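Remarks on the overall topology
Each chain, letter by letter, is given below.
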Amino acid sequence: CYHCKLNMQEGDPAVYAERAGYDKLWHPGCFICCTCSELLVDMIYFWKNGNLYCGRHYCDSERPRCAGCDELIFSNEYTLAEGQNWHLKHFCCFDCDCVLAGVTYIMVNDNPVCKSCYMKNHAAV
């Protein structure tokens, strides 16, 4: 078995993945996504750099995912803020929804807030 390295026994069910090549077989329970361990026997699988992936994690390896909407970001313009990727329109003030990409913001209770809302709603007077 390509995953667990145990010998396949004659008569045991085996999974063959055409994209991985003719020399690789898996026990059905070992045919899993390398990221989330989702069972891929009856699913669409992806093969990349010697690893099996479910659809979600293969796509994550190709494109960044927006922390705001959880969708893939296909645009070449997006922002990286607070250690996560965001569509430009989704990184916005928690209070007024104005776009924060490229402007100064303040984190309040783990939420980004624009300077104006911070001064109006959160700053000590």
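This structure is a prediction, so every number in the text was calculated from the model and none was measured.

Thresholds, definitions, all that
- Sequence order as written defines residue numbering, which begins from 1 separately in each chain.
- Given that the model is predicted, a residue must reach a pLDDT of at least 70 before its local features are reported, and side-chain atom pairs must reach 80 or more before they are shown or counted; all residues, however, enter totals for whole chains, interfaces and linings.
- Each side-chain value is derived from all of the structure's non-hydrogen atoms; neither hydrogens nor water enter the calculation.
- Under the scheme used here, helices are H or I runs from DSSP no shorter than 4 residues and strands are E runs no shorter than 2 residues, and both carry numbers assigned from the N terminus.
- When we talk radius of gyration, it's over C-alpha atoms, and the globule rule is simply 2.2 Å times the number of residues to the 0.38.
- The rule is simple: take the accessible area with a 1.4 Å probe, protein chains only, and divide by the maximum for that residue type; under 20% is buried, over 50% is exposed, in between is partly exposed.
- Domain boundaries shown here were taken from an automatic or database domain assignment.
- We call Phe, Tyr and Trp rings a pair once their centres come within 6.5 Å, taking the six-membered ring for Trp, and we label the pair stacked below 30 degrees between planes, edge-to-face above 60, and tilted otherwise.
- Any Lys NZ or Arg CZ that is within 6 Å of a ring centre and within 35 degrees of that ring's normal is treated as a charge sitting over the ring.

This part covers the overall build of the protein chain. For the protein chain, the helix and strand inventory stands at 2 helices and 8 strands. When its helices and strands are written in sequence order, the protein chain yields β-β-β-β-α-β-β-β-β-α. For 125 residues, the compact-globule formula gives about 14 Å, and the C-alpha radius of gyration of the protein chain, at 22 Å, lies well above that figure. For the C-alpha atoms alone, the extent of the protein chain along its principal axes is close to 75 × 30 × 20 Å. For the protein chain, buried positions account for 30% of its 125 residues.

By the secondary structure assignment, Asn49 is in the loop between strand E3 (46-48) and strand E4 (51-53). Residue classification places Asn49 among the exposed positions, given a relative accessible area of 70%. In sequence terms Asn49 and Ala20 are 29 residues apart; their C-alpha atoms lie 9.5 Å from each other.

As a further point, take the domain arrangement of the protein chain. When cut into domains, the protein chain gives domain 1 (15-61) and domain 2 (79-122). Computed from C-alpha atoms alone, the centre-to-centre distance between domain 1 and domain 2 is 38 Å.

Next up on the list: the packing of aromatic side chains. On inspection of all chains with the given rule, the structure shows 9 aromatic pairs. Ring centres of Phe31 and Tyr45 lie 5.4 Å apart, and the angle between their planes is 70 degrees; on these two criteria the pair is classed as edge-to-face. Linking Phe31 in the loop between strand E2 (25-26) and E3 with Tyr45 in the loop between E2 and E3, this pair joins segments that are 14 residues apart in sequence. Its relative accessible area of 13% is what places Tyr45 among the buried residues. Members of the aromatic cluster, each reached through a chain of ring pairs, are Tyr2, Trp26, Phe31, Tyr45 and Trp47. Between Arg19 and the ring centre of Tyr45, over which it is positioned, the NZ or CZ distance is 4.4 Å.

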